[in-house]
There are 6 protein chains.
Amino acid sequence: MKILVINPVGTDVWNESDKKIYESFASGDTKIDVVSLEDGPISIETRYSEAIAVPKIVELALELHEEYDAIIVNCCADPAVDVLRTLLDKPVIGPCEASLALASLLGKKLAIVTVSKTGIPIFEELVLKYKFDKLVTSIRAIELSVPEIDKDLGRTKALLIKECKKAEEEGADVVLLGCIGFAGLAKEIEQEVGIPVIDPAGVAIKVAEALVSLGLMHSRKRYFG
Amino acid sequence: MKILVINPVGTDVWNESDKKIYESFASGDTKIDVVSLEDGPISIETRYSEAIAVPKIVELALELHEEYDAIIVNCCADPAVDVLRTLLDKPVIGPCEASLALASLLGKKLAIVTVSKTGIPIFEELVLKYKFDKLVTSIRAIELSVPEIDKDLGRTKALLIKECKKAEEEGADVVLLGCIGFAGLAKEIEQEVGIPVIDPAGVAIKVAEALVSLGLMHSRKRYFG
Amino acid sequence: MKILVINPVGTDVWNESDKKIYESFASGDTKIDVVSLEDGPISIETRYSEAIAVPKIVELALELHEEYDAIIVNCCADPAVDVLRTLLDKPVIGPCEASLALASLLGKKLAIVTVSKTGIPIFEELVLKYKFDKLVTSIRAIELSVPEIDKDLGRTKALLIKECKKAEEEGADVVLLGCIGFAGLAKEIEQEVGIPVIDPAGVAIKVAEALVSLGLMHSRKRYFG
Amino acid sequence: MKILVINPVGTDVWNESDKKIYESFASGDTKIDVVSLEDGPISIETRYSEAIAVPKIVELALELHEEYDAIIVNCCADPAVDVLRTLLDKPVIGPCEASLALASLLGKKLAIVTVSKTGIPIFEELVLKYKFDKLVTSIRAIELSVPEIDKDLGRTKALLIKECKKAEEEGADVVLLGCIGFAGLAKEIEQEVGIPVIDPAGVAIKVAEALVSLGLMHSRKRYFG
Amino acid sequence: MKILVINPVGTDVWNESDKKIYESFASGDTKIDVVSLEDGPISIETRYSEAIAVPKIVELALELHEEYDAIIVNCCADPAVDVLRTLLDKPVIGPCEASLALASLLGKKLAIVTVSKTGIPIFEELVLKYKFDKLVTSIRAIELSVPEIDKDLGRTKALLIKECKKAEEEGADVVLLGCIGFAGLAKEIEQEVGIPVIDPAGVAIKVAEALVSLGLMHSRKRYFG
Amino acid sequence: MKILVINPVGTDVWNESDKKIYESFASGDTKIDVVSLEDGPISIETRYSEAIAVPKIVELALELHEEYDAIIVNCCADPAVDVLRTLLDKPVIGPCEASLALASLLGKKLAIVTVSKTGIPIFEELVLKYKFDKLVTSIRAIELSVPEIDKDLGRTKALLIKECKKAEEEGADVVLLGCIGFAGLAKEIEQEVGIPVIDPAGVAIKVAEALVSLGLMHSRKRYFG
């Protein structure tokens, strides 16, 4: 099975490390390629950067998809996922949507912890669109920007633990890490927080593998092109 | 007051007639300019055509907005409206969102009648995003494409009357015309259907005028740029 | 255009000042008359005072409506609005309902700030009736009675700013002033709070003007008489 | 225990028969008095007739309540019930609200069958106010007016059976008779329809007795006077 | 009328005191028998103890039901209630469901206060199943286990008052005591808290009496056996 | 990886064929054992048979779980799944819950098609408990009993196609086969119906594999033992 991971940003600095993270979760016989946009935003943290990125993600996917069994868009805002589904007859995975689906099997009060506060309305709208608003009981932010995540990983983890604990105190029984930049950190956070913590990259690859091996694809009735 | 109407399509064939329709609803002292994209889709009926159009709408709005008091994006999918709100400190109006708001003052079981069936999931998602899903009780389509609307206006009206009546039988107490291509037809339809029928262009211009004269603008807390 | 504003109270002491506030928001060619009940409650802060006032509002409206294009009931509990709609074939505006509709275009987490705590269940029921409960995320009170509002306007504003800020901290992205006695204060409050603050009188008159000029009226299917 | 039943109409023609129906459901030691308004509407089928009746119901209740343990307002629109709760420290029962509560113990898909179609929006609003909209899955009408119910009781029953069966086909597992004029007919209808049919008068008196004997009363926090 | 109360525990130590509590609420002509399981859990505080108890409750009910008019399962998790309804043609009462129904007539923001925090998800699921999630606004726990309730009744009352007050501060206008072990304490708590407090045993017996005397039973369409 | 599949019935006639179906979906390195209850119901189609089976499923799982990485309860009513989660620190999968989660990634209007009409309320309650009621838009039945499924597989398929098509006409964009007896039939049905059809066994095994390989387990905060 071959999975294409599209980094919806105009830089390839994360491609190699993202590939390693995805491979750490993938089955032995899954081959993963990570590509990024030729030019595009540095990160998707605003509606504007997302709007700019979407047509470029589509273009790249249309160019490359043929030799892949499924596509993951490597960002928790799930940019271009719906559009790609209207154009392609193979699974297209958004890490946020996939995390919500899997988390719904672990608990019934889900929290999303993302990077900056300004992303909260965007996640609120995703949750409404996915009809998961009864399951999601809090959306919180650690108040960093995406480029700051890597600068001081200790600080990032400490902030994540703090916000995940607050979400737990508010009632959450499962936490979703709401930024692909947090990929690889879930297990460490989980040990401190005491409730399941979902890694968006891990879930995305497992859902992709499951759909491909079940021969399942999105409904073309909903995603009409 | 000056209002910019952006036709999110790559043709100017409708600009003149749209300007007339908008002026027919506007106050005497409101000046309206209608512009269209240099290149862009012929109509916005799929998620793909919308994705392509959005950055171009943004670009055009950023270029022209300075001499206007408000911007209307002339399409009932409200493309680029949220993005523009994160970039501009003046009202940005989407005809669908404006129609829903005003319709909620006339009844409490709203129907949307749009062009093609494939647009129904897109309206469902808009309605969820706007948190109007309790108010909207049916979404129907006349099963034409946008370019077909003008070809045989008699047929278009007949189909609209038929679907509006079905919506009424399903319980609706107000109908929204869910395509800007239907602008100007509401009154005629209303007479046949017997419940209020909302013209998206008429509502858009009136809401724009109201917000400008009240000095009100979208919340930058929600539409953060 | 002529608009009738009915003060649902048994005193005319506010008629003149209310007229000025409404005129400050109205278009140049809109003529406004403000009338009050011959006898009636001093204010509408309980279900009892509302029940007493409703038939008197109806009686007065039936007597005067003929020379007007629309009627505004000048109270944020929207007393008699639904009843009048079953009796009259012209727009009847409730400031609360109108504020909710317009606010839904500015943000998606609306707060209402009203006078006394005992009014909170009444607003909760209005919000349910209008099917806006997904949009309204908090209802707060400044803990004054209506007659106290004017006594010390500085204190009133300070209390409003305090409660609007609390609503904002709870997540609200737009605030509605939930008492017509707060008319004229919105802009000042908005500057302190940093999110849009809606003036109920301003919105009521603009919505009345919009409906009249669009030739739109409530659905007689819903408001059957 | 003494229960006051207020007929919210300006005629006493039904007082005696209503007394008998209530007594047929009451416990042996419950004394029931039925009174009607001195002047008032013939029936409550519109928002206007309800608005007119409410202050008169309140006045009568305030005059008579002292020697009673609880008050039932004998109409399924539950007129004046909320207002009376803000004024009195004893149970005030609305037959619609009481029927909904008891019906929720018998099934989870409740239907209301009322007299005329124009009453449907009024029941929809009651159901929203009572927060029972998830439980109520259909509201239907037999298309008679209240005064017609008694004229041809055979026709009334036949129409009730027809509409109750339609509600059952739509999924309902319990039916509420949504007009006090249907009191006494539930058992006969139930035998034809095959799912429980709730008599509004029967439930009202049993709920009144239960609340009085448990020493329970509405929350004065919600019904503040 | 004869009512069977089944204590879903493997001990008869509470049977006598429970009988007294139920009789204190019952009508003079209601005869009450309280029985418990031959072997079973000490209390139902986990999903496991409930799963073990359910078939034993069913067995006992099937054995004894014939000489009774209705059955109450004496536990606020309402164990086996739905199953029994599919097997028996007489009212089967769960104290939680009955309390929710009656509480909905006293206020519209209901709180449940139960014993241990681990029971909260179980009540959340009951509330969803009963479709009362709009009415229930908080579920709290006093953090005792069932056997601890009786050990120091003063402490139990103090903890109940504390949690009921917190629920009231969160907005609740009615409180339900969410453990049958709290039966008999409601009035005392109510005096301290200032909003209605519902006794689950009191409500259960009154609802049983009402249903029996009205000849009403659960819908066999929903509870099919 | 070793997965235990528990057939919650008192017969082993299906164990071998179920093992084959599960293996047809499983990864190469997943080992599957299928066991059934020593004594138990023939099928789980009523609340009573489920209540009887649950303690036996628990007992069997407690006895066998140690050498397995995850447990699947092989019935779409998901019997004992929640209880087992409170007792075991490894994934416990219910085919219905797993199907709902995965289906939410393929469409947003899910239909469940099950065996007999009497199971519909049980699925309604599952959907409410899982907080998927916004996603599930219809629940239909083919009107066979479980033992009849295998008798005439051609008839079963024809009935499934008929009901799936009706669900699609009602708006569904994805269908879940709501009985484990339908396992293995999804692809054939899907080809006739034109929207994705979910096989409960296929999804259950893939979700089990995904959770095990991600090291994820249900929240012990929710499933407290």
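Each value, and the rule that gives it
- Residues numbered from 1 in each chain as written.
- Chains lettered and ligands numbered in written order.
- Predicted model: local features only at pLDDT ≥ 70, side-chain atom pairs only at ≥ 80, totals over all residues.
- Heavy atoms only, no water.
- Helix = DSSP H or I, 4+ residues; strand = E, 2+ residues; numbered from the N terminus.
- Rg over C-alpha atoms; globule rule 2.2 N^0.38 Å.
- Buried < 20%, exposed > 50% of the residue type's maximum accessible area, 1.4 Å probe, protein only.
- Areas by Shrake-Rupley, 256 points an atom, 1.4 Å probe, with all protein chains shown as cover.
- Lys, Arg positive; Asp, Glu negative; His and termini not counted.
- Charge placed at Lys NZ, Arg CZ, Asp CG, Glu CD.
- Contact = heavy atoms within 4.5 Å.
- Buried area = accessible area lost by both parts, 1.4 Å probe.
- Salt bridge = Lys/Arg side-chain N within 4 Å of Asp/Glu carboxyl O.
- Polar contact = N/O pair within 3.5 Å; in protein donor to acceptor, adjacent residues only side chain to side chain.
- Pairing = 2+ DSSP bridges.
- Least-squares fit on C-alpha atoms with pLDDT ≥ 70 in both.
- Phe/Tyr/Trp six-rings, centres within 6.5 Å; stacked < 30°, edge-to-face > 60°.
- Lys NZ or Arg CZ within 6 Å of the ring centre and 35° of its normal.
- Right-handed = clockwise from strand over helix to strand, strands pointing away.
- Nonpolar A, V, L, I, M, F, W, Y, C, P; charged D, E, K, R; others polar.
- Domains from an automatic or database assignment.
- Axes fitted to C-alpha atoms, helices over the stretch in contact; angles between N-to-C directions.
- Parallel < 35°, antiparallel > 145°, perpendicular 65-115°, else oblique.

The name an unreviewed UniProt entry assigns to chain A is Putative hydantoin racemase, from the organism Thermococcus paralvinellae.

1. Considerations on the overall build of chain A
Secondary structure summary: chain A contains nine helices and eight strands in total. In terms of overall size, chain A behaves like a compact globule, its C-alpha atoms giving a radius of gyration of 16 Å where 225 residues would be expected to give roughly 17 Å. The principal-axis extents of the C-alpha atoms in chain A amount to approximately 45 × 35 × 35 Å. A burial count over chain A gives 68% of its 225 residues as buried. Split by element, the accessible area of chain A, about 7,500 Å² in all, is 51% carbon and sulfur. Put simply, chain A has 26 plus and 36 minus side-chain charges, and the middle of one group is 5 Å from the middle of the other.

2. Observations concerning the interface of chain D and chain E
Buried accessible area, meaning the area lost when the parts come together, often serves as the stated size of an interface. Contacts between the two partners involve 46 residues from chain D and, on the opposite side, 46 residues from chain E. When chain D packs against chain E, close to 3,800 Å² is buried across both sides, 64% of that on carbon and sulfur atoms. Per-residue buried area on chain D facing chain E is highest for D:Leu105, D:Lys108 and D:Lys131; these three make up 19% of the total on that side. Our enumeration of links across chain D and chain E arrives at eight salt bridges. The residue E:Asp133 makes a salt bridge to D:Lys134 at a minimum N-O spacing of 2.6 Å. At the boundary of chain D with chain E, the tally comes to 22 residue pairs in polar contact (both at pLDDT 80 or more). Breaking the side of chain D that touches chain E down by element, the ones donating at least two residues are helix H4 (95–103), helix H8 (186–193), strand E8 (197–198) and helix H9 (200–214) of chain D. No other element matches H9(D), which puts eight residues into the side of chain D that touches chain E.

3. Let's talk about the sheet that holds strand E3 (residues 70–73) of chain B
The strand order E2-E1-E3-E4 (chain B) describes an open sheet built from four strands, whose pairing is parallel. Looking along the sheet, the strands with just one partner apiece sit at the ends: strand E2 (31–36) and strand E4 (92–93) of chain B.

4. Topic: the relation of the copies chain F and chain A
After a rotation of 180° and a shift along the axis of 0.0 Å, chain F superposes on chain A with an RMSD of 0.0 Å. These values place the two chain copies in the arrangement generated by a two-fold rotation axis. Rotation axis and chain F: the residue whose C-alpha lies nearest the axis is F:Ala101, separated from it by 2.4 Å. When the interface residues of chain F are mapped onto chain A, 100% of them are again interface residues, pointing to one common binding face.

5. What about unusual backbone geometry?
If a residue is not glycine, its phi is most likely negative; likewise, a peptide bond is most likely trans. Phi at B:Ala80 takes a positive value of approximately 70°, unusual for a residue other than glycine. Checked against the element boundaries, B:Ala80 lands in the loop between E3 and helix H3 (81–87). Here the phi dihedral of F:Glu143 falls at roughly 65°; this positive angle occurs in a residue that is not glycine. The residue F:Glu143 is located in the loop between strand E6 (136–141) and helix H6 (146–151) in this model.

6. Focus: the packing of aromatic side chains
What the rule picks out here adds up to three aromatic pairs over all chains. Seen from their ring centres, B:Phe132 and C:Phe132 are 5.4 Å apart, and the 75° between their planes marks the pair as edge-to-face. Taken together, the residues span two chains, with B:Phe132 in the loop between helix H5 (120–129) and strand E6 (136–141) and C:Phe132 in the loop between helix H5 (120–129) and strand E6 (136–141). B:Phe132 sits in the buried class, given a relative accessible area of 2%. Positioned above the aromatic ring of C:Tyr68, the side-chain terminus of C:Lys2 is 4.9 Å from the ring centre.

7. Quick word on the side chain of E:Asp33
All names here are of chain E. With respect to the helices, strands and loops of the structure, Asp33 is situated in strand E2 (residues 31–36). Its relative accessible area of 18% is what places Asp33 among the buried residues. Side chain to side chain, Asp33 and Tyr68 meet in a polar contact 2.4 Å long. Setting aside anything within four residues of it in sequence, one finds Asp33 in contact with Lys2, Ile3, Leu4, Val5, Lys19 and Tyr68.

8. Overview of the pairing of E6(F)
All names here are of chain F. E6 sits mainly inside the fold: five of its six residues count as buried. Across five bridges, strand E5 (residues 110–114) lies against E6 in parallel orientation. Considered in E6, the bridge of Ile112 is made with Ile139. Assessed by its sense of winding, the connection that carries the chain from E5 through helix H5 (residues 120–129) to E6 is right-handed.

9. With respect to the side chain of B:Asp199
All names here are of chain B. Considering the arrangement of structural elements, one finds Asp199 in the loop between strand E8 (197–198) and helix H9 (200–214). One buried charged residue, Asp199, forms no salt bridge at all, with the nearest opposite charge on Lys187 at 8.5 Å. Polar contacts involving the side chain of Asp199 include one to the main-chain amide nitrogen of Gly184, which spans 2.5 Å. In terms of polar contacts, Asp199 uses its side chain to reach the backbone amide nitrogen of Gly202, at 3.0 Å.

10. What to know about the interface of chain F and chain A
Taken together, the contact between chain F and chain A spans 46 residues of the former and 46 residues of the latter. Between chain F and chain A, roughly 3,800 Å² of surface is buried when both sides are summed, and carbon and sulfur atoms account for 64% of that area. Considering only the surface of chain F that becomes buried against chain A, F:Leu105, F:Lys108 and F:Lys131 emerge as the three largest contributors, covering 19% of it. Inspection of the region where chain F meets chain A yields eight salt bridges. Between F:Lys108 and A:Glu97 there is a salt bridge whose closest N-O contact spans 2.5 Å. Joining chain F to chain A, the criterion identifies 22 residue pairs in polar contact (both at pLDDT 80 or more). By residue number, the principal contributor to the side of chain F that touches chain A is helix H9 (residues 200–214) of chain F, which donates eight residues. Residue classes in the side of chain F that touches chain A are distributed as 23 nonpolar, eight polar and 15 charged.

11. Concerning the pattern of salt bridges
A side chain of one charge can pair with a side chain of the opposite charge when the charged atoms of the two come close. The final tally for this structure, using the stated rule, is 144 salt bridges over all chains. For E:Asp82, the salt bridge is made with F:Arg47, and the minimal N-O distance between the two is 3.6 Å. In this pair, E:Asp82 is assigned in helix H3 (residues 81–87) and F:Arg47 in helix H2 (residues 47–64), connecting two distinct chains. Classification of E:Asp82 by relative accessible area gives buried; the value is 9%. Judged by relative accessible area, F:Arg47 falls into the buried class, the value being 9%. Note that E:Arg222 is salt-bridged to F:Glu124, the shortest N-O span being 3.3 Å. Remark: F:Glu124 occurs in helix H5 and E:Arg222 occurs in the segment after helix H9 (200–214); the pair is interchain, linking two chains. The pair E:Arg222 / F:Glu124 is uniform in exposure class, with both members buried. The structure contains a network of salt bridges with shared partners spanning A:Arg47, A:Glu124, A:Glu125, B:Asp82, B:Arg85, B:Glu97, B:Lys129, B:Arg222, C:Lys108, C:Lys109 and C:Asp173.

12. Side note on the domain arrangement of chain A
Residue and element names in this part refer to chain A. Examined at the domain level, chain A breaks down into domain 1 (2–94 + 203–214) and domain 2 (96–199). One C-alpha centre belongs to domain 1, the other to domain 2; they are set 20 Å apart. Residue-level contacts link 21 residues of domain 1 with 28 residues of domain 2. Connecting domain 1 to domain 2 are three salt bridges. Where Glu97 meets Arg85, a salt bridge forms, and the shortest distance between an N and an O atom there is 2.8 Å. Applying the counting rule to domain 1 against domain 2 returns 12 residue pairs in polar contact (both at pLDDT 80 or more). Elements with a contribution of two residues or more to the side of domain 1 that touches domain 2: helix H1 (15–25), helix H3 (81–87) and helix H9 (200–214). Counted by class, the side of domain 1 that touches domain 2 contains 12 nonpolar, four polar and five charged residues.

13. A closer look at the environment of D:Ala141
All names here are of chain D. Within the element layout of this structure, Ala141 appears in strand E6 (residues 136–141). Here Ala141 falls in the buried class, since its relative accessible area comes to 11%. A C-alpha to C-alpha distance of 7.4 Å links Ala141 and Ile120, two positions 21 residues apart in sequence. In this view, Ala141 contacts Thr114, Val115, Ser116, Lys117, Ile120 and Glu163; residues no more than four positions away in its chain are not counted.

14. As for the packing of helix H4 (residues 95–103) of chain E against H9(E)
Residue and element names in this part refer to chain E. Interhelical geometry of H4 versus H9 gives an angle of 85° and a closest axis separation of 8 Å. What the angle tells us is that H4 and H9 run roughly perpendicular. Contacts from Pro95, Ala98, Ser99 and Leu102 in H4 reach Pro200, Val203, Ala204 and Val207 in H9.

15. Points about the environment of E:Val81
Residue and element names in this part refer to chain E. As for its position among the elements, Val81 is in helix H3. Placed 11 residues apart in sequence, Val81 and Val92 show a C-alpha to C-alpha distance of 6.2 Å. For Val81, the contacting residues outside a window of four places in its chain are Val73, Val92, Ile93 and Gly94.

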